[in-house]
Amino acid sequence: MSRSTVPVSLAELERRAADERSEDGRGPDALIVCDRLVRIFTAGGVEVQALQGLDLVVRTGELTALVGASGSGKSTLLNVLAGLDVPSAGTASVAGFDLTAMDAAARLRYRREVVGFVWQQAARNLLPFLTAAQNVALPMRLGGGRIRRRQWAARVRDLLDLLGVGHCHDRVPHRMSGGEQQRTAVAVALANAPVLLLADEPTGELDSRAAEEVLTALRTVNEELGTTVLIVTHDAAVASAVRRTVAIRDGRTSSEVLRRATRDGKGAETVTTQEYVTVDRAGRLQLPAEFAEKLAIRDRARLTLRPDHIAVHRDDAGEVLRESAPEDLRGAQADGGRDSRR
Ligand code: ADP
Ligand code: MG
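Residues numbered from 1 in each chain as written. Chains lettered and ligands numbered in written order. Predicted model: local features only at pLDDT ≥ 70, side-chain atom pairs only at ≥ 80, totals over all residues. Heavy atoms only, no water.

Asker: Would you mind showing me how to read the site of ligand 1 here?
Answerer: The full set of residues close to ligand 1 is Phe41, Val48, Ala50, Ala69, Ser70, Gly71, Ser72, Gly73, Lys74, Ser75 and Thr76. For ligand 1, an oxygen atom lies 3.1 Å from a polar atom in the backbone of Gly73. Between ligand 1 and Lys74, the relevant distance is 2.8 Å, taken from an oxygen atom to a side-chain nitrogen or oxygen of the residue. Within the complex, 61% of the 560 Å² of free accessible area of ligand 1 lies under protein. Breaking the shell around ligand 1 down by element, the ones donating at least two residues are β2 (46-59) and α3 (74-81). Among the elements that line the shell around ligand 1, the one with the most residues is α3, at three residues. (Near = heavy atom within 4 Å. Polar contact = N/O pair within 3.5 Å; in protein donor to acceptor, adjacent residues only side chain to side chain. Areas by Shrake-Rupley, 256 points an atom, 1.4 Å probe, with all protein chains shown as cover. Helix = DSSP H or I, 4+ residues; strand = E, 2+ residues; numbered from the N terminus.)

This is the structure:
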């Protein structure tokens, strides 16, 4: 703790963080590491567990979509990753910054320099009385010298051009379309060159064409600037346009879809999609509800290890075992049976 009270340069913090990351077993390229993250809210005497032991690793340079039903904990997770909220238990780190243990000064610096965010409501992203250029320059002015003053004007122009809103340079938000406002908001989020960009339903209030433009802008940011991007979305089009989609259910990551482009012998590209279930650090995984229902798997399942996979079977051997079990095992079998009918 005493270490954080001594002023150190950002470069030094980043170097220490890289050292720590290569030691935590996930390799130096793990940018976001959440371990058994819990966030409990108390509202009117009622406890809500918004995050219930969430595990997530995102590697540097990834473009990831986070999907899930309303109320599943997506915004809660993003607020923790943005340094705006503190988890009740578990650990979360971004670029080696421990989000559970930062003091106020480190937190402010983290929010200004390490992470950028875009919210669903354009009004929350842009100041209405400033032009696009002034909005983008503002974080640089507040940013503690990460970007040098003489670079401000050129950087503002470059960012607006990159996001396809160079023509909005001197416009105030109400003279821009919703899509232009959100792309300008992305430029604002990138002003101080963060390593991570978080976007919470950035296309939620847009028509499909504007949404597509915002999505293209986020992909451009990922590809051209190498920024790691995490997008929370309801929009199936967004989820199908990224390589990795992580699903969150009841405050936990439950499954993910990876899309891979492969080339055949003639060089033709095909995109294959594969769905995975999440295996947490303790080895737990959740069977997809439709699989479990189809095979009537409840309460317990029988696993068999094969050379290259694990088979999951319904516990239909229960009856057979009970018939043939030796006398001293019968009691235990019957107990198990009672459990499974609860
Ligand atoms: P999502 O973004 O996936 O729709 P949220 O993260 O906003 O979900 O919310 C997850 C759960 O936590 C919901 O049940 C929500 O009502 C609750 N929640 C979120 N923020 C608060 C808060 N500040 N106080 C009380 N409950 C909250
Ligand atoms: Mg939300």
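There's more to say after this.
Asker: I keep staring at the sheet that holds β2 and nothing clicks. Help me out?
Answerer: If you walk across this open sheet you meet the four strands as β2-β1-β4-β5, and the pairing is antiparallel. Unpaired on one side and paired on the other, β2 and β5 (97-98) mark the two borders of the sheet. When strand β1 (residues 30-43) meets strand β4 (residues 89-94), the two strands line up antiparallel, connected through five bridges. If you follow Val33 over to β4, its bridge partner there is Ser93. Sheet strands in contact with α3 are β1, β2 and β4, and its direction is about 120° off that of β1. (Pairing = 2+ DSSP bridges. Contact = heavy atoms within 4.5 Å. Axes fitted to C-alpha atoms, helices over the stretch in contact; angles between N-to-C directions.)

Asker: What exactly am I supposed to notice about the packing of helix α8 (residues 178-189) against helix α9 (residues 208-225) here?
Answerer: How two helices pack is summed up by the angle between their axes together with the distance between the axes. Two numbers describe how α8 lies on α9: the axes approach to 9 Å, and their chain directions differ by 15°. In this view, α8 runs roughly parallel relative to α9, as classed from their interaxial angle. With respect to the hand of their crossing, α8 and α9 are arranged in right-handed fashion. Judged by residue contacts, Gly179, Gln182, Arg183 and Val186 of α8 engage Ala210, Glu213, Val214, Ala217, Leu218 and Val221 from α9. For the contact of α8 with α9, the class distribution of residues is six nonpolar, two polar and two charged. (Parallel < 35°, antiparallel > 145°, perpendicular 65-115°, else oblique. Left-handed = near helix turned anticlockwise from the far one by under 90°. Nonpolar A, V, L, I, M, F, W, Y, C, P; charged D, E, K, R; others polar.)

Asker: Could you clarify how one ought to interpret helix α7 (residues 152-162) in this entry?
Answerer: Along an α-helix, a turn takes 3.6 residues, which lines up residues three or four apart on a common side. Among all positions of α7, only Trp152, Val156, Leu159 and Leu160 are buried. Along α7, the residues classed as buried sweep out an arc of 95° about the axis, all on the same side. Across from the buried face of α7, at angles greater than 90 degrees, the exposed residues are Asp158 and Asp161. Tucked into the core, α7 has its buried residues touching α6 (132-142), α8 and α9. Looking at the residues trailing α7, positive phi occurs at Gly164, about 75°. (Buried < 20%, exposed > 50% of the residue type's maximum accessible area, 1.4 Å probe, protein only. Arc of directions from axis to C-beta.)

Asker: Explain the pairing of strand β9 (residues 244-249) to me, please; I cannot follow it from the model alone.
Answerer: The side chains of a regular strand alternate, first on one face of the sheet and then on the other. Among the six residues that make up β9, five are buried, leaving the element largely enclosed by the rest of the structure. Looking at chain direction, strand β3 (residues 63-67) and β9 are connected through four bridges and run parallel. Counted as the bridge partner of Val67 is Ala247 from β9. By the bridge criterion, six bridges tie β9 to strand β10 (residues 252-263) in an arrangement that is antiparallel. Across the sheet, residue Val246 finds its bridge partner in β10, namely Glu256. Connecting the antiparallel pair β9 and β10 is a turn made up of two residues, with Asp250 showing a positive phi of about 50°.

Asker: When you look at the nonpolar core in this model, what are you seeing that I'm missing?
Answerer: Judged by nonpolar contacts, the single largest core of 39 residues is most densely connected at Val136, Met140, Val186, Leu197 and Ile231. Counting residues per element, the ones that place at least two in this core are β3, α6, α7, α8, β7 (196-200), α9 and β8 (228-232). Per-element tally for this core: the top contributor is α9, with seven residues. Those residues within four positions of Leu197 in sequence are excluded, and the remaining contacts are Gly116, Phe117, Val118, Val186, Ala189, Leu190, Leu218, Val221, Thr227, Thr228, Val229 and Leu230. (Core = buried A, V, L, I, M, F, W, Y, C linked by side-chain atoms within 4.5 Å.)

Asker: Just to check I follow, could you spell out the side chain of Thr203 for this structure?
Answerer: Checked against the element boundaries, Thr203 lands in the loop between β7 and α9. You can call Thr203 buried: its relative accessible area is 9%. Excluding anything up to four places from it in sequence, Thr203 contacts Ala211, Val214, Asp235 and Val238.

Asker: When you look at the side chain of Asn135 in this model, what are you seeing that I'm missing?
Answerer: Inspection of the secondary structure assignment puts Asn135 in helix α6. Judged by relative accessible area, Asn135 falls into the buried class, the value being 4%. Within the structure, the side chain of Asn135 is placed 2.8 Å from the backbone nitrogen of Leu127, a separation counted as a polar contact.

Asker: Mind showing me how you'd approach the pattern of salt bridges here?
Answerer: Should their charged atoms come close, side chains of opposite charge can pair. Scanning all chains against the criterion turns up seven salt bridges. Note that Glu213 is salt-bridged to Arg183, the shortest N-O span being 3.3 Å. Of this pair, Glu213 sits in helix α9 while Arg183 sits in helix α8; the two residues are 30 residues apart in sequence, bridging distant segments of the chain. When its relative accessible area of 29% is taken as the criterion, Glu213 is described as partly exposed. The exposure class of Arg183 is buried, given its relative accessible area of 9%. Bridged by salt links that share partners, the residues Glu62, Arg244 and Glu256 form one connected network. (Salt bridge = Lys/Arg side-chain N within 4 Å of Asp/Glu carboxyl O.)

Structural measurements only, silent on function.
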